[in-house]
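# Survey of secondary and tertiary structure
Okay, here's what each chain looks like letter by letter:
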Amino acid sequence: MTYHSPVKNRVLLTLVLLLLLAGFGLAFVSHAPNRLVSGKGISLASLLNGYSALLLLPAVLLLVCAFLTLYGRNHLGVMLLAEILLTALVWLAGHSALQLAGGDEDSIARTSLGGGFWAGAALCLLIASDAISRFTRNHSLRILLNVQMVVPVVLLLAYGQLAELSLLKEYDNRSDVFNDALWQHLGILFGTLVPAVLIGLPVGLLCHRKPRWRGPVLSVLNIIQTVPSIALFGLLLAPLAGLAKALPWLADHGISGIGLAPAIIALVLYSLLPLVRGVIAGLESVPEAVIESARGMGMNRAQVFFRVQMPIALPVVLTGVRIVAVQTVGMAMVAALIGAGGLGAIMFQGLLSSALDLVLLGVIPAVLMAVVVDSLFKFAVSILETTRR
């Protein structure tokens, strides 16, 4: 006798159950009379009063969907329910903060997002991502559907519905510092990517055309990759400081043992291994028959490279650049320890003052930046691969 399980989507069922456990088992928000004292956790159950209880409706519907056989566009319904639930959780957090502040915009009380909120929001995004992956295999469409998930949250933020949350108050108090740190972080990112690409592409091409160089070059880059970031920053400190002392004009242009220069140099060195490997893998993915056909058509070596090899290898090369870009966004946080600035400076300031919301003010934008950078490169790669087909 064959047993047929009533559960049609075990992934969805697991995620929804985890969401409910996290929502009701962990503090949804934490409230403190001021910034200096520890907050008291407030459960989700105590906040579901009156029409706020409707927040449970999309969660119940998602639970029901786990027992239904869904096809095609039905998965968009699951995504929409997850989006509604995410929006409701964010709204409830902002509304609760406003109520706990007593409607006083100048209140010194602090309402922070708790573990229940963060777990619930992450699980909503996972539910939506799973539904989108079941709906379509098109990478570009997947990216667009995932991105639109945060649009309602951005609208709530724009209309001031979250203004009483401690995280937003920290931003209001440090908006100028935050904006400067954000631009500094972007500067570190682009300041690393440009030289890394300019160095990595020729080195990767050299390793592809002269295989005897591949082993030594990759060995050196592997050794650099194994050095901890803080140690590499320290190793660069003395040589750059000595160089700036010997050549004062370098110091006038910002080259010294601390600051942006050693951070950029270290991050470029870390970027070379994935970039060079990406170039080698991309060029080796070009079929030899295609190259021979191009040569048979009368193309010279440069024409074969730019018109045949590079267009075919570009998706793989861009994947290597994507890895470097995401890696740089994260490692640039540590560069704040040597005075490079960026969002890491805000994070470390929060750690030193034991202010969790200040830490999150530095960490969350960095995470979002990494996600955006990753999505943009994935989108570009998917377009290139679609064009090739």
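Up top you'll find the structure we're talking about.
Fair warning: this is a prediction, and the values are worked out from it, not measured in the lab.

### Quick look at the overall build of the chain
- When helices and strands are counted, the chain shows 16 helices and three strands.
- By principal-axis analysis of the C-alpha atoms, the chain measures approximately 75 × 70 × 40 Å.
- The burial tally for the chain puts 43% of its 389 residues in the buried class.
- Long-range pairs, those at least 24 residues apart, make up 76% of the contacts in the chain with a sequence separation of at least 6.
- A total accessible area of about 20,400 Å² is found for the chain, and carbon and sulfur atoms account for 68% of it.
- Positive and negative side-chain charges of the chain, numbering 24 and 17 respectively, have mean locations separated by a distance of 16 Å.

### Side note on the environment of Met79
- Along the chain, Met79 falls in helix 3 (residues 74-100).
- Separated by 139 residues in sequence, Met79 and Leu218 place their C-alpha atoms 44 Å apart.
- If we ignore the near neighbours within four places in the chain, the residues touching Met79 are Ala128, Ala131, Ile132, Leu145, Gln148 and Met149.

### Some thoughts on helix 10 (residues 229-246)
- Given a rise of 1.5 Å per residue, 18 residues ought to cover 26 Å, and the 26 Å separating the end C-alpha atoms of helix 10 matches this to within 8%.
- Leu237 marks the point of greatest bend in helix 10, at about 30°, and the proline Pro239 comes within the next four residues.
- Residues of helix 10 that are buried: Ser229, Leu232, Phe233, Leu236, Leu240 and Ala244.

### A closer look at the pairing of strand 3 (residues 110-113)
- The alternating pattern of strand 3 places Arg110 and Ser112 and Thr111 and Leu113 on opposite faces, both of which are buried.
- Pairing of strand 1 (residues 27-32) with strand 3 involves four bridges; the strand directions are antiparallel. Bridge pairing links Val29 to Leu113 in strand 3.

### Here's the deal with the sheet that holds strand 1
- Pairing is antiparallel in the open sheet, where three strands are placed in the order 2-1-3. Only two strands of the sheet have a single partner each, and these edge strands are strand 2 (40-43) and strand 3. Taking the axes of each pair of neighbouring strands and ignoring which way they run, one obtains an average angle of 30° across the sheet.

### So, the packing of aromatic side chains
- Applying the stated criterion across every chain, the model contains five aromatic pairs.
- With 5.4 Å between their ring centres and 75° between their planes, Phe117 and Trp118 make a pair best called edge-to-face.
- Overall, the relative accessible area of 6% leaves Phe117 in the buried class.
- Trp118 gets classed as partly exposed once you look at its relative accessible area, which sits at 32%.
- Considering the side-chain rings of Tyr171 and Phe178, the 5.2 Å spacing of their centres and the 85° angle between planes classify their relative orientation as edge-to-face.
- What links up through ring pairs into an aromatic cluster is the set Phe28, Phe117 and Trp118.

Analysis parameters
- Residues numbered from 1 in each chain as written.
- Predicted model: local features only at pLDDT ≥ 70, side-chain atom pairs only at ≥ 80, totals over all residues.
- Heavy atoms only, no water.
- Helix = DSSP H or I, 4+ residues; strand = E, 2+ residues; numbered from the N terminus.
- Buried < 20%, exposed > 50% of the residue type's maximum accessible area, 1.4 Å probe, protein only.
- Contact = heavy atoms within 4.5 Å.
- Areas by Shrake-Rupley, 256 points an atom, 1.4 Å probe, with all protein chains shown as cover.
- Lys, Arg positive; Asp, Glu negative; His and termini not counted.
- Charge placed at Lys NZ, Arg CZ, Asp CG, Glu CD.
- Expected span 1.5 Å × (residues − 1).
- Bend = angle between axes of the 7 residues up to and from the residue.
- Pairing = 2+ DSSP bridges.
- Axes fitted to C-alpha atoms, helices over the stretch in contact; angles between N-to-C directions.
- Phe/Tyr/Trp six-rings, centres within 6.5 Å; stacked < 30°, edge-to-face > 60°.

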